[in-house]
Amino acid sequence: MPDIQKVSVALTGEQIAVLKSAVETGEYATTSEAIREALRDWQWKRELRGEELKRLREAWREGKASGPGAPLDLAGTRAEARRRLRKATGSAA
């Protein structure tokens, strides 16, 4: 069984009302259960943000390692995009 400890948390009146309503409607058995689920959700989102930050840092390192930037040829890029679109759709336009 996990080590259970009590903590005190200050909430607004609106937050308390939402918690009590969730218990009264049967969505949760207790306010503690609702808080624990909210904490699990927060932990999961925090972990996802950490993973995304790692991915962005790696992409940044790869970009820096790929060499200096070059001016963008917007007309050429548009022409290439149109060529790919025509090929994908089978259009001759």
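As shown above, the structure is provided for reference.
Residues numbered from 1 in each chain as written. Predicted model: local features only at pLDDT ≥ 70, side-chain atom pairs only at ≥ 80, totals over all residues. Heavy atoms only, no water.

Student: What's the story with the pattern of salt bridges in this structure? I'm lost.
Tutor: Across all of its chains, the model carries five salt bridges by this definition. The residue Arg 55 makes a salt bridge to Glu 52 at a minimum N-O spacing of 2.7 Å. Residue Arg 55 and its partner Glu 52 are located together in helix 2 (residues 31-65), separated by three residues, close to a single helical turn. Residue Arg 83 pairs with Glu 80 through a salt bridge whose shortest N-O separation is 2.5 Å. Separated by three residues within a single helix, Arg 83 and Glu 80 lie in helix 3 (residues 74-89), roughly one turn from each other. Under the relative-accessibility criterion, Arg 83 is labelled partly exposed at 38%. It is possible to trace a salt-bridge network through shared partners that takes in Glu 80, Arg 83 and Arg 84. (Salt bridge = Lys/Arg side-chain N within 4 Å of Asp/Glu carboxyl O. Helix = DSSP H or I, 4+ residues; strand = E, 2+ residues; numbered from the N terminus. Buried < 20%, exposed > 50% of the residue type's maximum accessible area, 1.4 Å probe, protein only.)

Student: When you look at a nonpolar patch on the surface in this model, what are you seeing that I'm missing?
Tutor: The grouping of Val 7, Val 9, Leu 11, Ile 16 and Ile 35 at the surface amounts to a nonpolar patch, some 430 Å² of accessible area in total. Within the fold, Ile 35 resides in helix 2. With relative accessibility at 40%, the residue Ile 35 sits in the partly exposed group. (Patch = residues over 30% accessible without salt bridge, like charges linked within 9 Å, V, L, I, M, F, W, Y side chains within 5 Å. Areas by Shrake-Rupley, 256 points an atom, 1.4 Å probe, with all protein chains shown as cover.)

Student: Please explain helix 2 as it appears in this structure.
Tutor: Residues that lie three or four places apart on an α-helix share one face, since the helix turns once every 3.6 residues. The end-to-end C-alpha separation of helix 2 is 51 Å, in line with the 51 Å expected for 35 residues at 1.5 Å each. The positive-phi residue at the C-terminal boundary of helix 2 is Gly 67, with phi of around 110°. (Expected span 1.5 Å × (residues − 1).)

Student: Sorry if this is basic, but what is going on with the environment of Leu 48 here?
Tutor: Of note, Leu 48 is situated in helix 2. Take Leu 48: its relative accessible area is 37%, and that puts it in the partly exposed class. Separated by 20 residues in sequence, Leu 48 and Tyr 28 have C-alpha atoms that sit 26 Å apart.

Student: For this particular structure, what's the right way to read the environment of Tyr 28?
Tutor: Within the element layout of this structure, Tyr 28 appears in the loop between helix 1 (13-24) and helix 2. Residue Tyr 28 is classed as buried on the basis of its relative accessible area, which comes to 15%. With residues near it in sequence (within four places) discarded, Tyr 28 still touches Ala 22, Val 23, Glu 33, Ala 34 and Glu 37. Separated by 3.0 Å, the side chains of Tyr 28 and Glu 37 make a polar contact. (Contact = heavy atoms within 4.5 Å. Polar contact = N/O pair within 3.5 Å; in protein donor to acceptor, adjacent residues only side chain to side chain.)

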